[in-house]
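Architecture at a glance
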Amino acid sequence: MKRLSLIAAGLLLIAGASQAAVTVSGDVANPGPIALPPGGRLFDVISEAVPNAEGYWLAGGLLRQALVEEQTRLKVGVLFDLEVLQRMATLFDRPSRAALAQRVAEEVRQMPVTGRQIADLDPVAVEVGFARNIRLDDGDRLIYPKRVDEVQVLGAVTEPCHLPYQPLQEAREYLEGCSILDDAEADYLWLIQPNGVSRRVGIAHWNRESGQFPVAGSRILVPIKNDDLDPPLPELNQQLAEFIATQLAEVVR
């Protein structure tokens with residue numbers, strides 16, 4: 001009997017040591033590791049963490065261990081294309097383009113691979129079923145950053161700009177507050193909202209799209225021109241935008 005008790009105690013210790021957990025940080029009442037029950041979902045963790053009712057949920061981030069490998073490949077691919085762009089620009093005697101590719105590559109190297117998954121982290125929406133109650137895994141993280149009342153412009157600019165957020169201001173209008181390089185693609189920009197959703201937006205006279213409003217914490221990527229090189233890199237700017245979208249506002253700063 002004593003032996004059975006010892007075995008049972010040992011099993012309990014093992015179960016406790018292997019307890020799955022999700023770490024929550026940022027603007028929440030109860031930050032830190034939160035035990036994840038078998039089959040645990042997003043709302044199980046949110047209800048324990050208690051995000052600030054007046055917080056900026058739109059900018060929240062769900063970081064998944066399962067997505068780290070995929071996003072590592074994305075980052076490597078972006079860096080490879082930027083290196084190719086630098087070499088091609090040098091070959092075609094475009095030193096400013098080569099310097100831009102080198103600078104952007106260094107900025108990308110400084111960005112961590114987060115494993116961010118696009119998800120609606122509004123606690124109310126998740127509770128009532130308007131947003132997916134995603135099943136979570138051990139080691140996942142939830143981050144609720146503070147609101148950032150600015151819009152960042154980066155990419156083919158003299159240097160990244162941090163501009164005051166203006167409600168109902170078109171994405172293209174923010175470019176007027178930055179010094180855009182001649183090596184920028186003139187017809188499009190990439191709008192990256194703080195929830196991780198990115199979209200290419202037409203800004204030239206022939207393809208101009210209206211109603212594309214950044215929200216507080218958005219980023220605008222000014223694409224790097226490359227269609228005048230041989231070979232061009234048609235996926236570079238899209239993949240660059242997708243990788244930037246995996247970054248949280250507090251990480252990009």
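These numbers were taken from a predicted model, which means no experiment stands behind them. (Residues numbered from 1 in each chain as written. Predicted model: local features only at pLDDT ≥ 70, side-chain atom pairs only at ≥ 80, totals over all residues. Heavy atoms only, no water.)

**Thoughts on the state of the cysteines**
Evaluation of the coordinates by the stated rule reveals one disulfide. There is a disulfide in this structure between Cys161 and Cys178, and the S-S distance comes to 2.1 Å. Here Cys161 is found in strand E7 (residues 161-164), whereas its partner Cys178 is found in the loop between helix H6 (171-174) and strand E8 (188-192), with 17 residues between them in sequence. (Disulfide = S-S within 2.5 Å. Helix = DSSP H or I, 4+ residues; strand = E, 2+ residues; numbered from the N terminus.)

**Points about the pattern of salt bridges**
For the coordinates displayed, the defined rule picks out 13 salt bridges. Arg73 serves as the salt-bridge partner of Glu69, at 3.3 Å between the closest nitrogen and oxygen. One end of the pair, Glu69, and the other, Arg73, are both in helix H3 (residues 68-91), four residues apart, so they sit about a helical turn from each other. Judged by its relative accessible area of 56%, Glu69 falls in the exposed class. Ionic pairing is found between Arg199 and Glu209, a salt bridge with its closest N-O pair at 2.8 Å. Taken together, the residues Arg199 in strand E9 (residues 198-202) and Glu209 in the loop between E9 and strand E10 (219-222) connect sequence positions ten residues apart. Connected via shared salt-bridge partners are Arg94, Arg97, Asp183 and Asp228. (Salt bridge = Lys/Arg side-chain N within 4 Å of Asp/Glu carboxyl O. Buried < 20%, exposed > 50% of the residue type's maximum accessible area, 1.4 Å probe, protein only.)

**Notes on the environment of Val126**
Within the fold, Val126 resides in helix H5 (residues 123-128). Residue classification places Val126 among the buried residues on the basis of a relative accessible area of 4%. Spatially, the C-alpha atom of Val126 lies 9.1 Å from that of Ile46, the residues being 80 residues apart in sequence. Not counting residues within four places of it along the chain, the set of residues in contact with Val126 comprises Leu42, Phe43, Ile46, Asp120, Ala131, Arg132 and Asn133. (Contact = heavy atoms within 4.5 Å.)

These values are about where atoms sit, not about what they do.
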